[in-house]
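Below are the chains, spelled out letter by letter.
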Amino acid sequence: MSPEIRANPYPFYAELRRDSPVAQVDPGGLWAVSRYEDILGALKNPKLFSSAGLRLAAEPPWAGRPNPMSASIIFMDDPKQHGRLRGLINRAFGPTALARLEPRIRAVAEELTTRVLSRRQVDFVEDFALPLPASVIGTLMGLEPELYPRFKQWSDDIVAVSVTQPGDTELLAQYRRTVDEMEQYLSEVIARRRKTPGDDMVSDLLSSRIEGEALTDKDLMGFLFLLLVAGLETTVHLLGNSARLLAEHPDVLARLRADRALIPAFLEEVLRFEPPVHSTMRLCTEDTTLAGVSLPRGSVLALLLASGLRDERYCADGDRFSLDRKGPHNMAFGHGMHFCLGAALARMEGRVALEVLLPQCSALARRSEALEWNLSMTVRGVRALPLEVRPA
Ligand code: HEM
């Protein structure tokens, strides 16, 4: 969490991969797992490497307020229980639902593009990267547009709890207020949709049945919290990182402008080179060994996805951003039973955003060198991205 490592963690990751691929970062603290194969192995074995580790980060014992998200699928280890619930929501993120959502995403991207081009000097996070996914999630859930600007604060407060200490009274009080506010607002939404169903995901989930049984309000609330947190910040950083890399690589921007069929390959390389989710946690359910290192039961692992994606054993010259890479597999969305539910949606948001923005914009230029990085155990991205957007 130190500012220097936050700003550029990659040399530190490379050192870990070279010298101690499974290393306890602080005495008694987390075990950092930095090589691609070891991370993948852990993600494939939820029985031994449980997602309860992730829950410890999302809701430390001193948080003082149960968070409905802890009852959601991302923390479940039992494939049967997880599969039943995930089966219900998969449809909302499948190809048919996404195709229906695409025109709406394009319309929002067009509106935001017009705005950033008219201003030219923008904070790309606030003016583009944030409002696009906020509006997508809001539309998907059928929430009121006036609330979209609140989503970021909600998600920030929930994520910030992962880096609190027991004495951080102010941060913890803010976290508890936010959980209360979200819970109150979302229960009203659920009650309204129960009374008058609409054409939205909440209404669909309320009418769905698992083996004849309806979802409980607790399950539903867990889903909604999870989607607001997992789907927003991550996509904001995918869009922000894309813009930052295009500003740093004008040749790449020119190639994408000349051939928009390259946009999906560009996004895959952004996800590999600067993945929004830097690490995810797992808890060892038994004494075990990983890469020859003994791990006692109860050890918490930080699986450094962002390190794995630059692992020289997995991809040659991984510290170089290249549009011509043909990676065999991108772990930025995780792997196995918890593979990201929103991967196709996030890729679509990225593709549509660039398809709309790039024809109208000839260059992006950074306006200041110093960037401020967020603080979170899992997600990494900039808080603001001052850019000059030059019209074509
Ligand atoms: C899970 C990354 C966008 C919803 C995950 C995981 C990763 C990830 C790494 C696995 C976590 C683990 O195994 O511990 C990303 C990235 C995104 C993104 C990099 C954007 C670029 C989204 C969006 C949504 C979403 C847009 C929904 C609106 C979820 C959910 C899970 C998940 C619900 C849990 C799935 C399960 O447990 O079965 N995501 N995500 N994500 N993501 Fe995403």
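- In the annotation of an unreviewed UniProt entry, the protein is listed under the name Putative cytochrome P450 hydroxylase and assigned to Hyalangium minutum.

## A short note on the site of the ligand
Line of reasoning, step 1. Taken together, 27 residues form the shell around the ligand, and within it His 82, Thr 280, Arg 282, His 338 and Cys 340 come nearest.
Line of reasoning, step 2. Breaking the shell around the ligand down by element, the ones donating at least two residues are α5 (79-90), α12 (217-230), α13 (233-248) and β7 (280-284).
Line of reasoning, step 3. For the shell around the ligand, the residue count by class is 17 nonpolar, 8 polar and 2 charged.

## Quick look at the pairing of β7
Remember that side chains alternate between the two faces of the sheet whenever the strand is regular.
Line of reasoning, step 1. Most of β7 is tucked away: 5 of the 5 residues are buried.
Line of reasoning, step 2. Of the two faces of β7, the one lined by Thr 280, Arg 282 and Cys 284 and the one lined by Met 281 and Leu 283 are each fully buried.
Line of reasoning, step 3. Examined bridge by bridge, strand β3 (residues 49-50) and β7 share 2 bridges and lie antiparallel to one another. Along β7, the bridge assignment pairs Ser 50 with Leu 283.
Line of reasoning, step 4. Note: β7 against strand β10 (residues 300-303), 4 bridges, orientation antiparallel. Bridged to Arg 282 within β10 is Leu 301.

## Examining unusual backbone geometry
Most peptide bonds take the trans form, and the phi angle of most residues other than glycine is negative.
Line of reasoning, step 1. A positive phi angle is found at Arg 120, which is not glycine, with a value near 65°.
Line of reasoning, step 2. Looking at the element boundaries, Arg 120 is found in the loop between α6 (95-119) and β4 (121-123).
Line of reasoning, step 3. A residue is classified by how much of its surface remains accessible, and Arg 120, at 36% relative accessible area, is partly exposed.
Line of reasoning, step 4. Unusually for a residue other than glycine, Asp 317 sits at a positive phi of about 55°.
Line of reasoning, step 5. Relative to the assigned elements, Asp 317 resides in the loop between α16 (305-308) and α17 (343-360).

Calculation notes
- Residues numbered from 1 in each chain as written.
- Predicted model: local features only at pLDDT ≥ 70, side-chain atom pairs only at ≥ 80, totals over all residues.
- Heavy atoms only, no water.
- Near = heavy atom within 4 Å.
- Helix = DSSP H or I, 4+ residues; strand = E, 2+ residues; numbered from the N terminus.
- Nonpolar A, V, L, I, M, F, W, Y, C, P; charged D, E, K, R; others polar.
- Buried < 20%, exposed > 50% of the residue type's maximum accessible area, 1.4 Å probe, protein only.
- Pairing = 2+ DSSP bridges.

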